[in-house]
Amino acid sequence: MSQQGITDELVFFVNGHKVREQNADPELMLLPYLRKTLKLTGTKYGCGGGGCGSCTVMISKYNAQEKKILHFSVNACLTPLCMLHGAAVTTVEGIGSTRTSIHPVQEYIAKTHGSQCGFCTPGMVMSMYTLLRNNPTPSMAQLQQCLAGNLCRCTGYRPIVDAFRTFCTASNCCQRRDPEESCHLGKAEQDGILAESKDSDQFQVCSQLFKTDDLLPLDETQELIFPPELMLMEERREKRTFVFRGERMMWIVPANLEELLELKSQYPKAPLLVGNTNIGPNMKFKGAFHPMIIHPANVSELHSIQFTEEGGRREIHLDENFFVGFGKTSLRPEELLLSVFIPFSRKWQFVLAFRQASRRENAFSIVNAGMQVVFKDETNVVADLRMFFGGVGPTTVYAKRCSKELTNRSWDENLLSQACELLLDDISLPDSAPGGCVKFRRTLTISFFYKFYLQVWQRLQQLLGKEDPFGVNIPERFRSATIPFSIKLPQGFQRFQKVVLDQFSWDALGQPVMHLSAIKHATGEAVYCDDIPSQEGELFLALVTSTRAHAKIVSIDASEALHLPGVFDIITTQDIPGKKIGMEEILCGSEVTCVGHMICGIVADSQLHAKMAAAAVKITYEDLEPLVLTLEDAIQHKSFYDHFKLENGDVDAAFEKADQQLEGEIHIGGQEHFYMETHSVLVIPKSEDGEIEIVCSTQYPTFAQTVVADTLGIPSNRVTVRVKRIGGAFGGKIVKASRIAAIAAVAAHKTGRSVRCILERGEDMLISGGRHPVLGRYKIGYMTDGRIIAAEVTCYANGGNKVDFSLMVIQEIVSNLDSGYYIPHVCLTGFVCKTNLPSNTAFRGFGQPQAIAITESWITDVATKCGLSAEKVREINLYRGQEACTPYKHIFDSRNQLTCWNECLQMASYHNRKISVEEFNNLNRWKKRGISIVPLRKGVGFSESALNQAGALLHVYEDGSVLLTHGGTEMGQGLHTKILQVASHELQIPMSAIHLSETSTGMVPNTSPTAASSGTDLNGMAVKDACQTLLQRLQPFMHENPKGTWKDWVEEAFKNKVSLSTTGFFKGEDIVMDWEKGEGTTASYFVFGAACSEVEIDCLTGDHKNIRTDIVIDAGCSINPAVDIGQIEGAFTQGLGLFTMEELKYSPKGVLYTRGPTQYKIPAVCDIPEQLNVSLLPRSQNPKAIYSSKGISEAAVLAGCSVFYAIKDAIAAARREIGLTGSFTLNSPSTPAQIRMACIDQFTEMVPDCVPESTPWAIVV
Ligand SMILES: Cc1cc2nc3c(=O)[nH]c(=O)nc-3n(C[C@H](O)[C@H](O)[C@H](O)COP(=O)(O)OP(=O)(O)OC[C@H]3O[C@@H](n4cnc5c(N)ncnc54)[C@H](O)[C@@H]3O)c2cc1C
Ligand code: FES
Ligand code: FES
């Protein structure tokens, strides 16, 4: 068999259309092929590594032997094009569109508000679509499995699950939305939740966010059929080898096993590629390269399951000798794995497996174990014991000594304690072991053994039919250790105030209107920056970033890079014609101050060529001192940008007067924005007058315009920045977006070509910074009845290498350390630390999530010391009354805070459930539950007063249609939807008559960032102003013809030469804070709320399950309850991630390890509380914002801390088991490692601490 010269034609179908590729490149994945070659941009790039599901498409294949069509959902980013020979690909465009008809899956996700930014939506749709193609009435378990690999950063998943649940057979919800009939509400009423909803005729409470009546049923007959041509092709397929050849790689599909074996002996180094989920990421992220790939798709022996008595041709055991190194097995290079033989277990043999991961689904395990024991017949004497552990070394580790020495021993307490000692000897991890968490991982090994021990006892009991076989009695309280968590998909109710009466039928103000772009999100028609077709001669910009945290750049050598194919030029700081430094240095010139510092860029004719050339740029460095990475480093070196202090009352005197004092601290880790669309920009230089057009995923187009103009040295009037929509931002697309736009603009200026720059997920995470890690140290003076009278709190925020928004963030932290509590005497200080990390920036909540976590830490400590429940201490200290006063003497009406608190207590049935939690804890030793309710208070508005302004532009055309623009950007938060509701209400015309195309600096100048929850407050008012001006102009014609239509009045106005174009402007409130005096205001108004969460933890593994969360938020009079509730659920989920699972890991040299969804876990559908209830406080008014609404898109991030403190409550119950009743430190996020190590017991005590001098794998920054 020779592969010389031949190249087969690759034939497959996409959405029913035949594709023939003469030169299919084995290096090319399906995703770029769909997006760039076929211009099918509905399928999105989110991570490129199989970790997010944004690129999900369906692949269908015909099995000629079984005469069956099989459908699979795959990640297009990891599917090599060559794998598709004979397959049919269906993308989101193929199942429905607004031009033809939309598919029920698309319709449901849109209409149930399951789409916000819409970037994940096509992937969600295609996962569900594939499930339905295989099974039109799937079970809830299948739905859960189907969504496990799809991440959404916006919605919190509940509405997506609600959309898709409708297709399921035995849904755990009735799906009836009528408040009288819904099972949520039936249950809710039993719990006393809705007791109040009926008491008032003035305020009707509603819970119907969407109507199911008008949703189309699934009709299988309407689906795309599998192409008959492909069936014929499969039937007639010759049994021969197929070869596809690319620039650097060859792809061979052997005809049968013999040929495969022959190939393997000829090319022993060529890997077998099956799913490409291992080879693909290794090639993409680790630089592995294989000149030849063997794809054994046609080797039937590798695709079947058989029940036989024997294994393959050479049988090797899956024992301690199987793995010979990291990712290496004892298979010889020329061998292949033909079959896996799994023997049935025998009587008296017990085999169990254990794993703990950082997320329950779609995550590699931290430690896993496989254990088996065989007993001598009818006894508890061990005949054979084998235990293998993963995650504790480069290969699977066999606990040899332990397994051997315990043979012939009785399965009892003595064996247990000796097993733990021997295991710890067998499995020794150095303190600096890759993966970190050494003590936790060692503890897990013995905790797993304990679970094994207990489960084996249970099975022995079952086998022998005796309660206490061999005289060993396992207490009932211990048994829950053996039951794994089961997870149900989230459900819950959403409650809001119905709008009042005298509205026109088309007036949507206050109605749960669907997101304007939702259908387009679901069909893949919504256009994001990278979906814009290539411009003539367009170049791609790839960035070169620093690999050192603090160093002098000695030289930049791009000679090799510039000779690579397709490379156009290098862009360095010398190429910048204007200002080289804006808010930050645009490109680093001489000294790098973090890993990921942008140094230069390479422009080439394609992304692949630009990336390859960027990797070939050689930079030499000279390391500089000091290296300041952690908050402790910064404190030690006094490396601060600035600090702010607030004092009120007399703290020293209050400490004297206090009954007791306590001290403590908490560290809150940082957070990655993880917007699904990475930073994206397209710069199009114009041929005249130095004009330049920029399409950019920025929340602050004006800033991008200013930075680009400054960098190019041209006036702002030559730069137009346009934003149609952004695939999520959360504060992360303000500063860095502008800098990336500026670098791309310099490249466009230098080359005279259009330049596109789309960051890869890993680059984005490395470069962009995120939420500030914060250390809070406190001293509290309190009375024994729980009243807190003095608080001295000092916070340190890790700002990174540039100041960015850090000063404003620390001001927010300091001014919110009172959270919802009145503490008469305070001294609150905050430092911004300058470190050698990428600069941290704005992130939803803007410091306030860290502030609440610190405050609730000392509240919990006071409760513990006083022997009171935490909610009692909270209640005692809550602000009260109409004239509450903050430490900076801002007077506010706090009454809604108390109302939210009381509503939440009632809605959550807090007191009853607290008793149930205690009962559960008394009955269970190794599983504990915890419950916590916290008050929420979030300031709204920019503390930088000048930003509280907005503009709008309104054009009315002769036909009566309206084109509206304003200064805010749409990033999934439903701003444009709300704005159209405002305009429709003001102009008294339906929303469908008004169009909002995009945000552009050319239409509305000098805009503020869309941030600080103020998008609707500011832009809504500007739009209202524009509408009112226009209405005034139409007034005479309306007066003259009162029965006329909008179109009549517009026509009349036109004929009378009245301008039908107007601007609107809003001058927002002056928010002034005098930090010298410590007086003023930091926000326009407060959003209040309360959140109650219940969790269950596994004390032995640190795993936890979110059982239920109830959130009450004072959203004022909501303009769109569906959007507001969506924001609350999404923000809560982000807070849940922040406080319980999202962990950034840095090396001791400042390199970020967590650069993608594989290493960094954001909440997935399995992490959402099984019951998530949200209620908007009725009867709330807010004179400070449009139509008495409130900006609520950030407040619920704070609610995530209710889960954190519920976990702490559960841990406290575990600690009480061994007599530890005092307060203790729990740092955020409460990962399995944090939880396990805080649940001190006999196992944690057996594991020695790491040596303090040892260099850990990862550091806490
Ligand atoms: C997002 C994501 C999440 C993941 N999560 C997990 C997880 O939770 N747990 C986990 O264990 N893994 C996980 N993985 C890793 C991966 O899915 C598994 O390793 C998977 O089993 C690889 O299968 P594949 O067919 O895709 O491998 P491929 O990449 O196609 O091949 C893998 C290797 O197997 C070799 N090979 C294939 N067939 C044979 C054969 N017959 N004989 C000899 N060698 C052969 C190939 O040469 C290659 O070296 C994850 C991967 C991704 C991308
Ligand atoms: S899974 Fe393919 S882009 Fe994330
Ligand atoms: S809507 Fe899911 S990521 Fe934005």
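Conventions we followed
Residues numbered from 1 in each chain as written. Chains lettered and ligands numbered in written order. Predicted model: local features only at pLDDT ≥ 70, side-chain atom pairs only at ≥ 80, totals over all residues. Heavy atoms only, no water. Helix = DSSP H or I, 4+ residues; strand = E, 2+ residues; numbered from the N terminus. Buried < 20%, exposed > 50% of the residue type's maximum accessible area, 1.4 Å probe, protein only. Contact = heavy atoms within 4.5 Å. Areas by Shrake-Rupley, 256 points an atom, 1.4 Å probe, with all protein chains shown as cover. Lys, Arg positive; Asp, Glu negative; His and termini not counted. Charge placed at Lys NZ, Arg CZ, Asp CG, Glu CD. Core = buried A, V, L, I, M, F, W, Y, C linked by side-chain atoms within 4.5 Å. Patch = residues over 30% accessible without salt bridge, like charges linked within 9 Å, V, L, I, M, F, W, Y side chains within 5 Å. Salt bridge = Lys/Arg side-chain N within 4 Å of Asp/Glu carboxyl O. Phe/Tyr/Trp six-rings, centres within 6.5 Å; stacked < 30°, edge-to-face > 60°. Lys NZ or Arg CZ within 6 Å of the ring centre and 35° of its normal. Near = heavy atom within 4 Å. Polar contact = N/O pair within 3.5 Å; in protein donor to acceptor, adjacent residues only side chain to side chain. Pairing = 2+ DSSP bridges. Axes fitted to C-alpha atoms, helices over the stretch in contact; angles between N-to-C directions. Parallel < 35°, antiparallel > 145°, perpendicular 65-115°, else oblique. Left-handed = near helix turned anticlockwise from the far one by under 90°. Nonpolar A, V, L, I, M, F, W, Y, C, P; charged D, E, K, R; others polar. pLDDT = per-residue confidence, 0-100. Expected span 1.5 Å × (residues − 1). Disulfide = S-S within 2.5 Å.

Colleague: Could you give an account of the overall build of the protein chain, naming the residues involved and the relevant values?
Modeller: The number of helices and strands found in the protein chain is 33 helices and 44 strands. Taking the principal axes of its C-alpha atoms as reference, the protein chain extends roughly 100 × 85 × 70 Å. In the protein chain, which comprises 1261 residues, the proportion classed as buried is 61%. Here the analysis covers contacts within the protein chain between residues at least 6 apart in sequence; of these, 78% occur between residues at least 24 apart. Taken as a whole, the protein chain presents about 48000 Å² of accessible surface, with 51% of it coming from carbon and sulfur. One finds the centroid of the 121 positive side-chain charges in the protein chain at a distance of 2 Å from the centroid of its 140 negative side-chain charges.

Colleague: Account for the nonpolar core, naming residues and giving values.
Modeller: Within the largest apolar cluster, 300 residues are counted, with the highest numbers of intra-cluster contacts made by Phe-164, Trp-411, Phe-449, Tyr-453 and Trp-1046. Top element by residues in this core is helix H13 (residues 438-464). It accounts for 13 residues. Not counting residues within four places of it along the chain, the set of residues in contact with Trp-1046 comprises Val-956, Gly-960, Val-962, Leu-987, Ile-989, Leu-1030, Leu-1031 and Leu-1034. Core analysis: the second largest hydrophobic core is formed by 32 residues, Val-19, Leu-30, Cys-82 and Ile-279 among them.

Colleague: Can you break down a nonpolar patch on the surface residue by residue, with the values?
Modeller: Together, Leu-337, Val-340 and Ile-342 make up an exposed nonpolar region whose accessible area comes to about 340 Å². You can see Leu-337 is positioned in the loop between strand E11 (328-329) and strand E12 (349-357). Given a relative accessible area of 48%, Leu-337 falls into the partly exposed group.

Colleague: Lay out the packing of aromatic side chains in plain terms, naming residues and giving numbers.
Modeller: What the rule picks out here adds up to 34 aromatic pairs. Where Tyr-822 meets Tyr-879, the ring centres are 6.1 Å apart and the plane angle is 50°; that geometry is what we call tilted. In this pair, Tyr-822 sits in the loop between helix H22 (806-815) and strand E31 (825-834) while Tyr-879 sits in the loop between helix H24 (870-877) and strand E32 (884-885), placing the two residues 57 residues apart along the sequence. Take Tyr-879: its relative accessible area is 2%, and that puts it in the buried class. Cation over ring: Lys-779 sits above Phe-655, and NZ or CZ is 4.4 Å from the ring centre.

Colleague: Could you give an account of the site of ligand 1, naming the residues involved and the relevant values?
Modeller: Near ligand 1, the surroundings consist of 20 residues, among which Val-274, Gly-275, Thr-277, Ile-279 and Leu-337 are the closest. For ligand 1, an oxygen atom lies 2.9 Å from a polar atom in the backbone of Asn-278. Contacts to ligand 1 include Leu-337, whose backbone N or O atom sits 2.5 Å from a nitrogen atom. When ligand 1 sits alone it has 1000 Å² of accessible area, and the protein chains cover 63% of it.

Colleague: An account of the environment of Ala-983 is requested, with residue identities and associated values reported.
Modeller: Turning to its location among the elements, Ala-983 is positioned in helix H27 (residues 975-987). As for Ala-983 and Glu-234, which are separated by 749 residues in sequence, their C-alpha atoms are 57 Å apart.

Colleague: Could you give me a rundown of unusual backbone geometry, with the residues and numbers involved?
Modeller: Glycine aside, a negative phi is what most residues show, and trans is what most peptide bonds show. Omega for the peptide link from Glu-625 to Pro-626 comes to -10°, which places this bond in the cis form. Counting through the fold element by element, Pro-626 comes out in the loop between strand E22 (618-623) and helix H17 (631-637). Residue Ser-1228 is joined to Pro-1229 through a cis peptide bond whose omega torsion reads 5°. Along the chain, Pro-1229 falls in the loop between helix H31 (1200-1216) and helix H32 (1232-1238). For Asn-276, which is not glycine, the phi dihedral falls at a positive 65°. The residue Asn-276 is located in the loop between helix H9 (257-266) and helix H10 (279-286) in this model. Of note in the backbone geometry, Lys-638 takes a positive phi value of approximately 50° without being a glycine. Structurally, Lys-638 is set in the loop between H17 and strand E23 (640-648). Here Lys-638 falls in the exposed class, since its relative accessible area comes to 66%.

Colleague: Run through the side chain of Thr-1082, naming residues and quoting values.
Modeller: Mapped onto the elements, Thr-1082 comes out in the loop between strand E41 (1079-1080) and strand E42 (1085-1098). Here Tyr-888 takes part through its side chain, which lies 3.1 Å from a polar atom of the side chain of Thr-1082. With residues up to four places along the chain from it excluded, the contact list for Thr-1082 reads Glu-812, Ser-815, Tyr-888, Gly-941, Ser-943, Ile-1071 and Met-1073.

Colleague: Quick one: what's the story with the sheet that holds strand E44 (residues 1171-1176), residue by residue and with numbers?
Modeller: Taken in spatial order, the 6 strands make up an open sheet running E6-E16-E44-E43-E42-E34, and their pairing is mixed. With one partner strand each, in any of the chains shown, strand E6 (205-206) and strand E34 (927-940) form the two edges of the open sheet. Sheet analysis places strand E43 (residues 1104-1113) next to E44, joined by 6 bridges and oriented parallel. Within E44, the position partnered with Ile-1113 by the bridge is Leu-1176.

Colleague: Can you tell me about the packing of helix H30 (residues 1121-1140) against H31, naming the residues and giving the values?
Modeller: Put simply, H30 and H31 touch, their axes get as near as 7 Å, and they point 40° apart. Here H31 runs oblique to H30, going by the angle between their axes. Considering only the axes of H30 and H31, their crossing is right-handed. Across from Phe-1132, Gly-1135, Leu-1136, Phe-1139 and Thr-1140 in H30, the residues of H31 making contact are Gly-1200, Cys-1201, Val-1203, Phe-1204 and Ile-1207. For the contact of H30 with H31, a count of residues per class yields 7 nonpolar, 3 polar and no charged.

Colleague: Any chance you could break down the sheet that holds strand E7 (residues 242-245) for me, citing the residues and the numbers?
Modeller: Pairing in this open sheet of 3 strands is mixed, and the strands run E7-E8-E9 from one edge to the other. The sheet terminates laterally at E7 and strand E9 (292-294), the two strands that pair on one side only. Between one strand axis and the next, the sheet turns through 15° on average, direction left out of account. The pairing of strand E8 (residues 250-253) with E9 spans 3 bridges and is classified as parallel. Residue pairing in the sheet places Ile-252 in a bridge with Ile-294 of E9.

Colleague: I'd like a rundown of the pairing of E34, residues and numbers included.
Modeller: Within E34, 13 of the 14 residues are buried, which leaves it mostly tucked inside the rest of the structure. In this sheet, E42 lies alongside E34 in antiparallel orientation, the contact comprising 14 bridges. Across the sheet, Gly-939 pairs through a bridge with Phe-1086, a residue of E42.

Colleague: Account for the confidence of the model for the protein chain, with residues named and values stated.
Modeller: Averaged over every residue, the pLDDT of the protein chain is 92; residues scoring 70 or more account for 96%. Confidence over residues 172-201 falls short of pLDDT 50; this stretch has 53 contacts with residues more than four positions distant or in other chains.

Colleague: Before we move on, could you go through helix H12 (residues 413-426) and cite the residues and values that matter?
Modeller: Owing to its 3.6 residues per turn, the α-helix aligns residues three or four sequence positions apart on the same side. Between the first and last C-alpha of H12 there are 20 Å, a value that for 14 residues agrees with the 20 Å anticipated at 1.5 Å per step. Listing the buried residues of H12 in full gives Leu-415, Leu-416, Ala-419, Cys-420, Leu-422, Leu-423 and Leu-424. Packing partners of the buried residues in H12 comprise strand E14 (382-390), helix H11 (400-405), H13 and helix H33 (1242-1246).

Colleague: An account of the pattern of salt bridges is needed here, citing residue identities and associated values.
Modeller: For side chains of opposite charge, pairing can occur when their charged atoms come near one another. Counting across every chain of the model gives 58 salt bridges. Across the salt bridge formed by Glu-1217 and Arg-477, the nearest N and O atoms sit 2.3 Å from each other. Taken together, the positions of Glu-1217 in the loop between H31 and H32 and Arg-477 in the loop between H13 and strand E16 (494-497) put the pair 740 residues apart, joining distant regions of the chain. Where Lys-1145 meets Glu-1143, a salt bridge forms, and the shortest distance between an N and an O atom there is 3.8 Å. What makes Lys-1145 partly exposed here is its relative accessible area of 21%. By relative accessible area, which is 27% here, Glu-1143 ends up partly exposed. Members of the salt-bridge network, linked through shared partners, are Arg-35, Lys-36, Lys-44, Asp-530, Asp-531, Glu-538 and Arg-756.

Colleague: I'd like a rundown of the state of the cysteines, residues and numbers included.
Modeller: In this structure the tally under the stated criterion is 0 disulfides. The thiol of Cys-900 is not disulfide-bonded; the next cysteine sulfur, from Cys-904, is found 8.4 Å away. On the basis of relative accessible area, Cys-900 is assigned to the buried category, the value being 0%. Cys-1201 takes part in no disulfide bond, and the closest cysteine sulfur, belonging to Cys-1092, lies 12 Å away.

Colleague: Describe the pairing of E8, with residues and values.
Modeller: A two-sided burial pattern is seen for E8, the buried positions comprising Met-250 and Ile-252 on one face and Trp-251 and Val-253 on the other. Both E7 and E8 contribute to a ladder of 4 bridges, which runs antiparallel. Across the sheet, residue Arg-245 finds its bridge partner in E8, namely Met-250. Counting the residues between successive antiparallel strands, the hairpin from E7 to E8 contains 4 residues.

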